[in-house]
Amino acid sequence: MIEKKKKSFLGVVLKVVEVWNIDYTYYNIYHSGDDTWKTRPKYISKDTIRQVALFLKQGVEELGIDILTIELHGGEPLMLKKADFNWMCHYFRQTLEQSVELDIIIQTNAMLVDNEWIEIFCQHHIDIGVSVDGPKLIHDKHRVDKRGRGTYDRVIEKLNLLRDNLQYKKIATVGILDVINPEHSAQEIYHHFTRELGIRHFDLLLPHYNYKNPPPFKKGQLSKFLCELFDVWTSDDN
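Criteria and cut-off values
Residues numbered from 1 in each chain as written. Predicted model: local features only at pLDDT ≥ 70, side-chain atom pairs only at ≥ 80, totals over all residues. Heavy atoms only, no water. Helix = DSSP H or I, 4+ residues; strand = E, 2+ residues; numbered from the N terminus. Rg over C-alpha atoms; globule rule 2.2 N^0.38 Å. Buried < 20%, exposed > 50% of the residue type's maximum accessible area, 1.4 Å probe, protein only. Areas by Shrake-Rupley, 256 points an atom, 1.4 Å probe, with all protein chains shown as cover. Lys, Arg positive; Asp, Glu negative; His and termini not counted. Charge placed at Lys NZ, Arg CZ, Asp CG, Glu CD. Expected span 1.5 Å × (residues − 1). Contact = heavy atoms within 4.5 Å. Pairing = 2+ DSSP bridges. Right-handed = clockwise from strand over helix to strand, strands pointing away. Salt bridge = Lys/Arg side-chain N within 4 Å of Asp/Glu carboxyl O.

Colleague: Looking at this structure, I do not really get the overall build of the protein. What am I missing?
Modeller: Counting secondary structure elements, the protein contains seven helices and eight strands. Over its C-alpha atoms the protein spans a radius of gyration of 19 Å, differing by no more than 12% from the 18 Å that the globule rule assigns to 238 residues. Along the three orthogonal principal directions, the C-alpha set of the protein runs to about 55 × 50 × 40 Å. Taken over 238 residues, the protein has a buried fraction of 45%. Of the roughly 13900 Å² of accessible surface on the protein, 53% is carried by carbon and sulfur atoms. When the 31 basic and 34 acidic side-chain charges of the protein are each reduced to a single mean position, those positions are 3 Å apart.

In structure tokens form, the structure reads like this:
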């Protein structure tokens, strides 16, 4: 029996927008005391997109990469003009698809999603991750708009719009990205995603703290949260 060669994979996170359309008050780069983001361009330029595409093309060819994933991040990537976003995705596919199997993913708070955006996602076969930090009371504690109002209801409305199009196979995958706050119950968050929202794909991201800027929660809380999360997942047998 000839053993199949395992495909090689490269994942790239590309920040395409430096600013947000909400005020995310949980600790992140915008609330860390590091204001260098203010000195950088708000939106990725076409010249940078061209350079990134050519750099990746050279890299995947030299390294023999089979699958390349470009994950579009921000700030909020949907703050790019639709025409510019469409051009960017088209350029990446035109430049890279002769050299590698290309997947494009976007991470968004979904506040700006509409039918035109969904058509763009469909055209470029984009997988979507929506930022949701748990049930309404947990999410709205930190993910607020510029007027200080919680965004949960609006995000779930747009999440449901995306999932409606997923049902009709216009979109490949819709998942959730949650930033862990260990002061809340991992079991509650897991059950909210799986049972109440019916989500099958989600990631949990470690909060953005370090030795210089230590977290506000107690020592051991994060590991306790992760163990609880693992236990509820395995007991769910999913």
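Structure's up, so let's keep going.
Colleague: When you look at helix α7 (residues 221–236) in this model, what are you seeing that I'm missing?
Modeller: Over its 16 residues, α7 runs 22 Å from end to end, which matches the ideal 22 Å to within 8%, given 1.5 Å per residue. In the core, the buried residues of α7 are packed alongside α6 (186–196) and β8 (202–205). After α7 finishes, the residue Asp237 shows a positive phi value of roughly 55 degrees.

Colleague: Any chance you could explain unusual backbone geometry here in plain terms?
Modeller: Most peptide bonds take the trans configuration, and most residues that are not glycine carry a negative phi. For the bond running from Gly74 to Gly75, omega is 25 degrees, close enough to zero to count as cis. Among the structural elements, Gly75 can be located in the loop between β3 (67–73) and α2 (82–96). Of note, the phi angle at Ala110 is positive, near 70 degrees, even though the residue is not glycine. On the secondary structure map, Ala110 appears in the loop between β4 (101–108) and α3 (115–123). You will see that Asp237, though not glycine, has its phi angle at about 55 degrees, which is positive.

Colleague: Just checking my understanding: could you explain the pairing of strand β5 (residues 126–131) for this structure?
Modeller: Taken across its six residues, β5 has five buried, putting it largely inside the fold. As paired elements, β4 and β5 share five bridges and run parallel to each other. Residue pairing across strands places Gln107 opposite Gly129, the latter belonging to β5. For the handedness criterion, the β-α-β arrangement of β4, α3 and β5 is classed as right-handed. Here β5 runs beside strand β7 (residues 174–179); their pairing, made up of four bridges, is parallel. Paired with Ile128 across the two strands is Val174, which belongs to β7.

Colleague: How should I be thinking about the pattern of salt bridges in this particular structure?
Modeller: It is possible for side chains bearing opposite charge to pair when their charged atoms get close. Applying the stated criterion across every chain yields a total of eleven salt bridges. A salt bridge links Arg93 to Glu97, with the shortest nitrogen-to-oxygen separation between them at 2.6 Å. Look at Arg93 and you get buried, because its relative accessible area is 11%. A salt bridge links Asp153 to Lys136; the shortest N-O distance between them is 3.0 Å. Note that Asp153 is positioned in helix α5 (residues 152–167) and Lys136 in helix α4 (residues 136–142), a separation of 17 residues in sequence. The partly exposed category is assigned to Lys136, whose relative accessible area is 37%. One network of salt bridges, in which partners are shared, links Lys82, Asp114 and Glu116.

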